[in-house]
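The primary structure of each chain is shown beneath.
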Amino acid sequence: TTHKGNVTTFFFLGLNNMAIYNLLLFTLVLIIYIVTICGNFLIIMLVYYSKTLHSPMYFFLSQLCLSDIMLTTDIAPNMLNIVLHGRTSISFSEFCGPNYIDFLYCDLNPLMKLSCSDTSRIQMEATLLCFPVLVLPFLLIVVSYTYIVVTLLKISSFSGRLKSFSTCSSHLIVVFLFYGTLIATYLIPKEGQSRTTSKIMSLLYTVFTPFVNPFIYSLRNKDIKEIVSKFILKTKANYSKPLIK
């Protein structure tokens, strides 16, 4: 929709070139979204109610869970609407030209392509911000895990080293997946990169990473597994008690 040459409504194409998979994608994203909310909320409640988890490590884990809930809730519901209906629209004025966004949500790069003004300054600012926001934290995490690996190599027990490396490797996979897709999306030039690839990469850091974080960082933790087991046993015991007439 245009008014005096200005665009006032944008249409999202979603996976318009893969419409046959829309229902499958909708079901998959919906399941992931529900599990993400439930898993992260479970961790927050366990940390809040269990006194044995009142430590700085679990406090920061609960903050990670909260940020994951906010991230996926900001993206997933609108994405589900776009995928289910094929196309959807939002009202947005200060633009002209094409009134469709070939993406799953209103991301910066697809939006800037619709601007009638010169966006080179904004693109430069976004690229520069990638270094303190993405590259620097990523490098700090890599350095931290390098020290961790060096420490793990000093463990005399082979089974202890193997278990520790298994935990660290799963952490690093999630870190590389999250920061790798973000850096590839906002820092690396997009020439030659297909739109479908960009959409799949956006799903990795907006939907998939918040989904796996509770399993990687929390639910595999010994303390949390013990608390969950005690809660399940207590719940079963309460339901198995005979009713008093």
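Only a predicted model underlies this, so the values are computations on that prediction, with no experimental measurement involved.

## Considering the overall build of the chain
Line of reasoning, step 1. Helix and strand content of the chain: seven helices and four strands.
Line of reasoning, step 2. Every one of the 245 residues in the chain was classed for burial, and the buried ones make up 34%.
Line of reasoning, step 3. As displayed, the chain offers around 15300 Å² of accessible surface, 69% of which is attributable to carbon and sulfur atoms.

## Looking at the packing of aromatic side chains
A ring pair, where both rings are aromatic, is described by two values, the distance of the centres and the angle of the planes.
Line of reasoning, step 1. One pass over the structure, following the stated rule, counts eight aromatic pairs.
Line of reasoning, step 2. Arranged with centres 4.9 Å apart and planes meeting at 90°, the rings of Tyr-48 and Tyr-49 form a pair that is edge-to-face. Note on accessibility: Tyr-48 and Tyr-49 belong to one class, exposed.
Line of reasoning, step 3. Members of the aromatic cluster, each reached through a chain of ring pairs, are Phe-138, Phe-176, Phe-178 and Tyr-179.

## Side note on helix 6 (residues 195-218)
Line of reasoning, step 1. When the terminal C-alpha atoms of helix 6 are compared, their 34 Å separation across 24 residues agrees well with the 34 Å that a helix rising 1.5 Å per residue should span.
Line of reasoning, step 2. In the structure, helix 6 departs most strongly from a straight axis at Phe-208, where the bend amounts to approximately 45° and where the proline Pro-210 lies between one and four residues downstream.

## Concerning the packing of helix 5 (residues 158-186) against helix 6
Line of reasoning, step 1. As a packed pair, helix 5 and helix 6 sit with axes 10 Å apart at the nearest point and diverge in direction by 160°. By the angle between their axes, helix 5 is roughly antiparallel relative to helix 6. As for the relative orientation of helix 5 and helix 6, their crossing is left-handed in sense. Where helix 5 abuts helix 6, its residues Ser-170, His-171, Val-174, Val-175, Leu-177, Phe-178, Thr-181, Leu-182, Ala-184, Thr-185 and Tyr-186 lie against Met-201, Leu-204, Tyr-205, Phe-208, Thr-209, Val-212, Asn-213, Ile-216 and Tyr-217.
Line of reasoning, step 2. Residues that form the contact of helix 5 with helix 6 fall into these classes: 14 nonpolar, six polar and no charged.

## Details of the environment of Ser-62
Line of reasoning, step 1. Following the sequence through the fold, Ser-62 ends up in helix 2 (residues 56-85).
Line of reasoning, step 2. A C-alpha to C-alpha distance of 9.1 Å links Ser-62 and Leu-46, two positions 16 residues apart in sequence.
Line of reasoning, step 3. Setting aside its immediate chain neighbours within four residues, Ser-62 contacts Ile-44 and Val-47.

## Section: the UniProt feature "transmembrane region" (unreviewed entry) in the chain
Line of reasoning, step 1. Sequence positions flagged by UniProt for "transmembrane region" (unreviewed entry) are, in local numbering, residues 20-49, 128-150, 170-188 and 200-219.
Line of reasoning, step 2. Across residues 170-188 one finds 89% helix and 0% strand; the C-alpha atoms that close the span lie 25 Å apart.

## With respect to the pattern of salt bridges
Line of reasoning, step 1. In the structure shown here, the tally under the stated rule is one salt bridge.
Line of reasoning, step 2. Among the ionic pairs, Glu-125 bridges to Arg-121, the shortest N-O distance being 3.6 Å. A residue pair is termed a helical-turn pair when its members lie 3 or 4 positions apart in one helix, as Glu-125 and Arg-121 do in helix 4 (residues 120-152) at four residues.
Line of reasoning, step 3. Note on Glu-125: relative accessible area 40%, which makes it partly exposed.

## Here's the deal with the nonpolar core
Line of reasoning, step 1. Core analysis: the biggest nonpolar cluster contains 41 residues, and Leu-53, Met-79, Tyr-105 and Tyr-217 have the highest contact counts within it.
Line of reasoning, step 2. For this core, the elements supplying multiple residues, two or more each, are helix 1 (22-49), helix 2, helix 4, helix 5, helix 6 and helix 7 (222-240).
Line of reasoning, step 3. In this structure, Met-79 is in contact with Val-29, Leu-104, Tyr-105, Leu-203, Thr-206 and Val-207, ignoring residues within four places of it in sequence.

## Observations concerning the packing of helix 4 against helix 5
Line of reasoning, step 1. Taken N-terminus to C-terminus, the directions of helix 4 and helix 5 make an angle of 165°; their axes are 11 Å apart at the nearest point. Looking at the two axes, helix 4 sits roughly antiparallel to helix 5. Where helix 4 crosses over helix 5, the two elements pack in a sense that is left-handed.

## Things to note about a positive patch on the surface
Line of reasoning, step 1. A contiguous patch of positive charge on the surface is contributed by Lys-163, Arg-220, Lys-222 and Lys-225.
Line of reasoning, step 2. Relative to the assigned elements, Arg-220 resides in the loop between helix 6 and helix 7.
Line of reasoning, step 3. You can call Arg-220 partly exposed: its relative accessible area is 40%.

About the cut-offs
Residues numbered from 1 in each chain as written. Predicted model: local features only at pLDDT ≥ 70, side-chain atom pairs only at ≥ 80, totals over all residues. Heavy atoms only, no water. Helix = DSSP H or I, 4+ residues; strand = E, 2+ residues; numbered from the N terminus. Buried < 20%, exposed > 50% of the residue type's maximum accessible area, 1.4 Å probe, protein only. Areas by Shrake-Rupley, 256 points an atom, 1.4 Å probe, with all protein chains shown as cover. Phe/Tyr/Trp six-rings, centres within 6.5 Å; stacked < 30°, edge-to-face > 60°. Expected span 1.5 Å × (residues − 1). Bend = angle between axes of the 7 residues up to and from the residue. Axes fitted to C-alpha atoms, helices over the stretch in contact; angles between N-to-C directions. Parallel < 35°, antiparallel > 145°, perpendicular 65-115°, else oblique. Left-handed = near helix turned anticlockwise from the far one by under 90°. Contact = heavy atoms within 4.5 Å. Nonpolar A, V, L, I, M, F, W, Y, C, P; charged D, E, K, R; others polar. UniProt positions renumbered as here; feature names shortened; annotations may be inferred. Salt bridge = Lys/Arg side-chain N within 4 Å of Asp/Glu carboxyl O. Core = buried A, V, L, I, M, F, W, Y, C linked by side-chain atoms within 4.5 Å. Patch = residues over 30% accessible without salt bridge, like charges linked within 9 Å, V, L, I, M, F, W, Y side chains within 5 Å. Lys, Arg positive; Asp, Glu negative; His and termini not counted. Charge placed at Lys NZ, Arg CZ, Asp CG, Glu CD.

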